Amino acid sequence: MSSALPSYEQAAAQVAACAAQLARLRPKIERVELGRAAGRVLGRPLCADQDQPPFARSTRDGFACRALEASSHAPLRLAGTTRAGDAPAGPLQAGDAWEIMTGAPVPAGADAVVMLEHVEIAGGEVRLLKPRAIAEGDNIVAKGAQARKGDELLPAGTPIQFAQIALAAACGHAALEVFARPRVAILATGDELVPVKAAPAPGQIRNSNGPMLAAMVVAAGGEPWICPTAADNAHALDAALAQAAEADLLIITGGVSAGKFDLVEPALLRAGARFHFTGVRIQPGKPLVFGELPGRNAHEARKEAGKKCFFGLPGNPLSSAVTFLLFAAPVLAALAGSRELGPRFALARLAPTADRHGKPGLTRFLPAYCNFNAVSGQLPEVAFVPWHGSGDLSALAHSNCFLVVPEDAQALEPGAIVKILLP
Ligand code: AMP
Ligand code: MG
């Protein structure tokens, strides 16, 4: 039966194609203060407001000079001082040097800066110590070397983190135009679920997927909307789906396996869903479903924008986490206007381990811990985190990645180069 299901690669390709389509529909743009822009996505290109740097800048404490004169080792007359923040001085007269601090504008006429540590100063004169020489341009960043006024520094769709914020600040942007965050409905289903604050009665468990997925949605650039939990019956699911379909993306957890009370798929069908796949050859997460709901009105339905993607994630917490990272996060990133859709994989070297972890016919994504503090020239080392199945939240919380075990692997040899899925 499972051979009829798509492989991980096939399912991922299908999701990537949908994500690429969605990425063409640009989200609305809003302005946020720079201090609140981390984690958002740039809505319009970031352009240089002036040349960067705006003046020829010294990168050292030392003496601005003409390289040719300094390299002759003749004493140069100290004609003045420029500190960072001073206006550009000059022009520098022949035979002169000019004391200068890191970050200060180089006086007109100077073409190099000799470092303080490389000179001898006596009687108001400075001399480059033998046998050093200095070349034109040394220790100076020329005006406009990094960017010219009006240059596009970052394209729309760039995720904003500290480096982009620094660049924006340097260009005088106290606020940024960013894409509006897509609203993501998180609908947990299951008769056994109680809210986090409630004391579970015998047989009940707390809804941990809701808060987990909310955190994952935020990390992937969305705005989470935790819907009230839906019970395992057609009526409750129909009502919950009708409400949740207001969102830009719908994430359902639980109720997609083959059990008697796994009623999410029929409910989605009643809501007009078209399924791209119902199950993937992965573990954990095999029952994952992915599809689209029609637009909510005739106007929306005509537009591509009216389509609403949904994922039905298996309820086991590890299954939910893995399938979200692999499949939902890229679609969400596309809806958020990001150029970086993911998922993100890296290579690592498998630590010594006795366990066999292959499961023929299924690509596995097992909780693992990678020591990213790699020795130079070597791959980081990754080890399986001992786990007791897809409900083992403690294993999940001790992991920092998922180790990918290919479909055809019986076991992975210690020391093997393996792929890891990054959160
Ligand atoms: P299901 O996918 O509905 O068959 O659920 C599979 C397993 O995941 C069951 O043990 C559920 O109790 C558990 N589960 C389902 N939903 C959640 C949730 N929101 N939080 C934590 N565990 C869940
Ligand atoms: Mg269930």
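Here, every reference points to the structure presented above.
Nothing here was measured: the structure is a model prediction, and the numbers come from that model.

**Quick word on the overall build of the protein**
So, point 1. Scanning the protein from terminus to terminus reveals 9 helices and 26 strands.
So, point 2. The C-alpha radius of gyration of the protein comes to 30 Å, more than 25% above the 22 Å expected for a compact globule of 423 residues.
So, point 3. Expressed as lengths along the three principal axes of its C-alpha atoms, the size of the protein is roughly 95 × 55 × 40 Å.
So, point 4. The 423 residues of the protein split such that 45% are buried.
So, point 5. Here the contacts in the protein between residues at least 6 apart in sequence split such that 70% fall between residues at least 24 apart.
So, point 6. Counting 39 positive and 38 negative side-chain charges, the protein places the centres of these two groups 5 Å from one another.

**Things to note about the packing of aromatic side chains**
So, point 1. Tallying each qualifying case throughout the model produces 7 aromatic pairs.
So, point 2. Ring plane angle 55° and centroid distance 5.8 Å describe the contact between tyrosine 8 and phenylalanine 327, whose orientation is recorded as tilted. Taken together, the residues tyrosine 8 in helix α1 (residues 8–23) and phenylalanine 327 in helix α8 (residues 317–335) connect sequence positions 319 residues apart.
So, point 3. Summarising the aromatic geometry, the rings of phenylalanine 290 and phenylalanine 311 are spaced 4.5 Å apart at their centres and angled 10° between planes, so their arrangement reads as stacked. One end of the pair, phenylalanine 290, is in strand β20 (residues 289–293); the other, phenylalanine 311, is in strand β21 (residues 308–313), and 21 residues separate them in sequence.
So, point 4. The ring of tryptophan 225 has arginine 183 sitting right over it, with the charged end atom 4.1 Å from the ring centre.

**Things to note about the pattern of salt bridges**
So, point 1. A full pass over the atoms with the stated rule returns 9 salt bridges.
So, point 2. Overlapping salt bridges, with partners in common, bring together Asp51, Lys143 and Arg148 in one network.

**Side note on the sheet that holds strand β9 (residues 125–128)**
So, point 1. Pairing within the open sheet is mixed, and its 6 strands lie in the order β7-β4-β6-β5-β9-β8. The open sheet has two edge strands with one neighbour each: β7 (112–115) and β8 (119–122). For this sheet the average axis-to-axis angle between neighbouring strands, irrespective of direction, equals 40°.
So, point 2. Inspection of the sheet shows β8 paired to β9 by 4 bridges, in the antiparallel sense. The residue of β9 that forms the bridge with alanine 122 is glutamate 125.

**A word on the packing of helix α4 (residues 209–219) against α8**
So, point 1. Running from amino to carboxyl end, α4 crosses α8 at an angle of 30°, the nearest separation of the two axes being 11 Å. By the angle between their axes, α4 is roughly parallel relative to α8. Along this stretch, α4 crosses α8, giving a crossing that reads as right-handed. Mapping the contact onto sequence places Asn209, Met212, Leu213, Met216 and Val217 in α4 and Pro317, Ser320, Ala321, Phe324, Leu325 and Leu332 in α8.
So, point 2. The class makeup of the residues in the contact of α4 with α8 is 9 nonpolar, 2 polar and no charged.

**Considering the site of ligand 1**
So, point 1. Residues in contact with ligand 1 amount to 16 residues; listed here are only the nearest, Glu192, Asn207, Gly255, Gly315 and Asn316.
So, point 2. Within the backbone of asparagine 209, a nitrogen or oxygen atom sits 3.3 Å from a nitrogen atom of ligand 1.
So, point 3. For ligand 1, an oxygen atom lies 3.1 Å from a polar atom in the backbone of asparagine 316.
So, point 4. Out of a free accessible area of 480 Å², ligand 1 has 78% covered by protein chains.

**Remarks on the environment of proline 6**
So, point 1. With respect to the helices, strands and loops of the structure, proline 6 is situated in the segment before α1.
So, point 2. Residue classification places proline 6 among the buried positions, given a relative accessible area of 16%.
So, point 3. Spatially, the C-alpha atom of proline 6 lies 14 Å from that of glycine 291, the residues being 285 residues apart in sequence.

**Some remarks on the environment of valine 196**
So, point 1. When you line up the elements, valine 196 lands in the loop between β14 (193–194) and β15 (205–206).
So, point 2. Taking the C-alpha atoms as reference points, valine 196 and asparagine 207, 11 residues apart in sequence, are found 6.2 Å from one another.
So, point 3. Leave out the neighbours within four places in its chain, and valine 196 touches Arg206, Asn207 and Pro211.

Thresholds, definitions, all that
- Residues numbered from 1 in each chain as written.
- Chains lettered and ligands numbered in written order.
- Predicted model: local features only at pLDDT ≥ 70, side-chain atom pairs only at ≥ 80, totals over all residues.
- Heavy atoms only, no water.
- Helix = DSSP H or I, 4+ residues; strand = E, 2+ residues; numbered from the N terminus.
- Rg over C-alpha atoms; globule rule 2.2 N^0.38 Å.
- Buried < 20%, exposed > 50% of the residue type's maximum accessible area, 1.4 Å probe, protein only.
- Contact = heavy atoms within 4.5 Å.
- Lys, Arg positive; Asp, Glu negative; His and termini not counted.
- Charge placed at Lys NZ, Arg CZ, Asp CG, Glu CD.
- Phe/Tyr/Trp six-rings, centres within 6.5 Å; stacked < 30°, edge-to-face > 60°.
- Lys NZ or Arg CZ within 6 Å of the ring centre and 35° of its normal.
- Salt bridge = Lys/Arg side-chain N within 4 Å of Asp/Glu carboxyl O.
- Pairing = 2+ DSSP bridges.
- Axes fitted to C-alpha atoms, helices over the stretch in contact; angles between N-to-C directions.
- Parallel < 35°, antiparallel > 145°, perpendicular 65-115°, else oblique.
- Left-handed = near helix turned anticlockwise from the far one by under 90°.
- Nonpolar A, V, L, I, M, F, W, Y, C, P; charged D, E, K, R; others polar.
- Near = heavy atom within 4 Å.
- Polar contact = N/O pair within 3.5 Å; in protein donor to acceptor, adjacent residues only side chain to side chain.
- Areas by Shrake-Rupley, 256 points an atom, 1.4 Å probe, with all protein chains shown as cover.

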